[in-house]
Structure formats: structure tokens, C-alpha cells
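# A look at the structure
Here are the chains, one letter per residue:
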Amino acid sequence: MYVEELIRSTNAYKIIAGEKKRNSLSHAYLIVCPDADFLKEYLKVFARLIACDDDGCNKCRVCKLIGEESYADCSFYPREGTKILTADVDDLLSQTYIKPLENKIRLFVLSNVENMNGAAQNKILKTLEEPPANVCILMGATMDYSLLPTVKSRVKRIDVPPFGDKILKNTLIGEFSDIKKLDKAIAGGGGRLSEIVRIYEDSGVEKTTALCRAVLTEMKSSKDVVKFSSKIDKDNLTQFVAEMKAEVMRVTKLKLAGLLNDTALNEYSVGALLAIEDILSSKERAINFSSNVQMTVDTILFGILEEKHKWLKL
Ligand SMILES: [Zn+2]
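Treat the numbers as computed from the prediction; the structure is a model and nothing was measured.

### Description of the overall build of the protein
The number of helices and strands found in the protein is 16 helices and five strands. Overall, the protein is about 70 × 40 × 35 Å in size when its C-alpha atoms are taken along their principal axes. Each of the 314 residues in the protein was classed as buried or not, and the buried ones make up 36%. Counting only contacts in the protein whose residues sit at least 6 apart along the sequence, the fraction spanning at least 24 positions is 74%.

Here it is as C-alpha cells:
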């Protein structure tokens, strides 16, 4: 239910709801949202909004069937795996010419279109250019740069940016009742639901937090970088970066409030802390595309040292 509530709070939802009301739905949308794990669930909320007479009530038969991916007038792709293949597009093309069975619109929900190869994209292009009547294609992508410009120019792009802390807290509190844990998960989650859920549920977080604190307080020289680098779980770098960021933000807040009484942490100026936060944010975004984990870890650790000393000299 919280997925529903979160999406309903977005501009993306308001845009599509408005277009439905005015009877001016586009034939194809590209919904760009960085949260890969929840992308399909988000797309289902939009599909229910479009197909349900009660704007996605999530109670009626149509809404339920869409949730289960078994509504006759709504097809999901890829049919298997995480990549839409040309065979999927062939299937979609043949379906677009079939009239909706019971709905006014025939919906096609495509997840992770960023993984579509050029051949599959070219194949769907014609349908995007000359869509059959009563068809609505919802394409979901975590990023759009792997998509052909011709595809992008034929769809209406709508972004679902990371959620804000306030809406997250208000929405998730019903489901995740440990407020302290939830606050921490939100602080470290970068507005991404999958990350927040993971941090909340992951008991390994405590250990990672302790390591992050040690990095900030005990790492004095490049020799220490090697030591700490070996302690970081390379298979779970996302968690380390998220926790490191949460820790840096916590220290920044305390520092700004004049409540920081740890001498080792006091060596970090606010400028240094903000610069470190920037480094972590950029690494957080790049993590999924970087194959060299060791290099990412070293960049972060050296970056922390460098910023601390650079600002001390000012
Ligand atoms: Zn409904």
C-alpha cells in the first residue's frame, strides 16, 4: 500500500491523472525512475490509474488483476527475465491490433526499457510513431541514455525523482514501526525505496555504521586507507556508501548545532563534510555502473582524508 501512496504523491501521478481526466492521455509514456527494484510496482500504479474506472482504487477487480499481472487488457514485458527482447516486441506489436476486451484502453507495461537493445527499440519505433487507437504504452526505465533519440522523441517523458524525506516518513511509518530504524534508513536511503527497505531490514547495518565511524575518527594517513579498505565489504558497497553518507550527514548536523564533542570528528570542518558528502553522492550514483569496486573504495577513502586535510589548512 505504501508504494501506492508514495506514487500518488508524485507530480508524475498528477500529470497522468490530469490527462486521463481531460481525455488526453498520451499513447506512450517513458517513466524514468532510478529505483530499479520498485520500478515495476510503480508502473502498476500508473496502469491501475489509467485502466480503473475509479482512478486506481486498488480494490476493484481490474486493479487486483493488474497487480497480479493477469488483466486481459494489460500486457507486461519482458515476459521473462529483465530484458525486453525482439520476441517481446513482436508479441506486443501483434497485440496492439487486438481491440481491448473490456476496457477502453489496451495497456502495455514495459519494465527496464533501458536494457532493450537497438534492434528491439527500432522494432517498437513504428508503433510509437503510428500507434493504433486505444493503445497506451507505459515504458519504465531507470535511466534514459541507452534509449535511441528516435524512441525518446516519440514518447512523453515523465520523471519520478527520489522521494523526499517527509513524504517517506509519513507514508512508511505505518509499515515500518521502529521509528529510529526508519529515520536511519531514510537518512541513508537517498530517497530510493529499495535502499530504505534494505537498510531497515538489514541487521548488518549496525556493523557497517561502526566501520564508518571508525573511518572518520581513526583514519589518519594513506597507510590507514589500506587497512580500512580491506574491512569494507566489496559485495555490499551500496550499503557502505549509504551508511557513510548517513554518518557524515549526522556529524554535519551535530557540528552545525554546536553539539559535536568528539575531538577526532571536530577535525572535519563543515566545508570538508559537505565535500565528502558530495563525493559519496556521486559514488552512490555511479556504483551500479562501475566495475572496479576497489577503485571506488579507494577514491572514497582518499577523498575523505584529502578533504579533511585540505580544509584544515584553510
Ligand atoms: Zn480499481
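That was the structure; now back to the text.
### Things to note about the sheet that holds strand β3 (residues 106–110)
Note: strands within a sheet are paired through backbone hydrogen bonds, in either parallel or antiparallel orientation. Taken in spatial order, the five strands make up an open sheet running β2-β3-β4-β1-β5, and their pairing is parallel. The open sheet has two edge strands, β2 (74–77) and β5 (156–159), and neither has a second partner. Direction aside, neighbouring strands of the sheet carry axes that sit 20° apart on average. Helix α3 (residues 39–51) rests against β1 (28–32), β2, β3 and β4 (135–141) of the sheet, and its axis sits at about 160° to β4.

### Notes on the packing of helix α11 (residues 205–218) against helix α13 (residues 237–256)
Running from N to C, α11 and α13 point in directions that differ by 60°, and their axes come no closer than 9 Å. In terms of orientation, α11 and α13 fall into the oblique class. For the element pair α11 and α13, the recorded crossing hand is right-handed. Between α11, through Val205, Thr208, Thr209, Cys212, Arg213 and Leu216, and α13, the contact on the second element is made entirely by Gln239, Phe240, Glu243, Met244, Glu247 and Val251. When its residues are assigned to classes, the contact of α11 with α13 shows six nonpolar, three polar and three charged.

### Points about the packing of helix α15 (residues 270–286) against helix α16 (residues 293–313)
Packed helix pairs are specified by the crossing angle of their axes together with the interaxial distance, meaning the distance between the axes. Where α15 contacts α16, the axes come no closer than 8 Å and their chain directions differ by 165°. When the axes of α15 and α16 are compared, the pair comes out roughly antiparallel. Considering how the two elements wind past one another, α15 and α16 form a crossing that is right-handed. Contact residues: α15 offers Gly271, Ala272, Ala275, Ile276, Ile279, Leu280 and Lys283, while α16 offers Thr296, Thr299, Ile300, Gly303, Ile304, Glu307, Lys308 and Trp311.

### Describing the domain arrangement of the protein
Each domain of the protein was delimited in the assignment, giving domain 1 (2–161) and domain 2 (202–313). Here domain 1 and domain 2 have C-alpha centroids that lie 39 Å from each other.

### Details of the pairing of β3
A large share of β3 lies buried, amounting to five of its five residues. Side chains Arg106, Phe108 and Leu110 project from β3 onto one buried face, and the interleaved Leu107 and Val109 project onto a second face that is buried too. Bridge analysis of β3 against β4 gives five bridges, and the strand direction is parallel. When the bridges of β4 are listed, valine 109 appears paired with leucine 138.

### Side note on α11
Taking 1.5 Å of rise per residue, 14 residues should cover 20 Å, and α11 covers 19 Å from first to last C-alpha, within 8% of that figure. Those residues of α11 that fall on the buried side of the exposure criterion are Val205, Thr208, Cys212, Val215 and Leu216. Angularly, the buried residues of α11 cover 90° about the axis, an arc narrow enough to put them on a single face. In α11, the exposed residues that point more than 90 degrees away from the buried face are Glu206, Ala210 and Glu218. Against α10 (193–201), α12 (222–231), α13, α14 (263–266) and α16 lie the buried residues of α11.

### As for the environment of threonine 299
By secondary structure assignment, the location of threonine 299 is in helix α16. Separated by 19 residues in the primary sequence, threonine 299 and leucine 280 place their C-alpha atoms 9.7 Å from one another.

### Examining unusual backbone geometry
Apart from glycine, the bulk of residues carry a negative phi angle, and the bulk of peptide bonds sit in the trans form. In the segment running from tyrosine 77 into proline 78, the intervening peptide bond is cis, with an omega of 0°. Looking at the element boundaries, proline 78 is found in the loop between β2 and α5 (86–96). Even without being glycine, aspartate 55 reaches a positive phi, approximately 55°. Along the polypeptide, aspartate 55 turns up in the loop between α3 and α4 (61–67). Positive phi, close to 50°, is recorded for asparagine 112, a residue that is not glycine. Inspection of the secondary structure puts asparagine 112 in the loop between β3 and α6 (118–129).

Scoring rules and cut-offs
Residues numbered from 1 in each chain as written. Predicted model: local features only at pLDDT ≥ 70, side-chain atom pairs only at ≥ 80, totals over all residues. Helix = DSSP H or I, 4+ residues; strand = E, 2+ residues; numbered from the N terminus. Buried ≥ 20, exposed ≤ 12 C-beta atoms within 10 Å, placed from the backbone. Contact = placed C-beta atoms within 7 Å. Pairing = 2+ DSSP bridges. Axes fitted to C-alpha atoms, helices over the stretch in contact; angles between N-to-C directions. Parallel < 35°, antiparallel > 145°, perpendicular 65-115°, else oblique. Left-handed = near helix turned anticlockwise from the far one by under 90°. Nonpolar A, V, L, I, M, F, W, Y, C, P; charged D, E, K, R; others polar. Domains from an automatic or database assignment. Expected span 1.5 Å × (residues − 1). Arc of directions from axis to C-beta.

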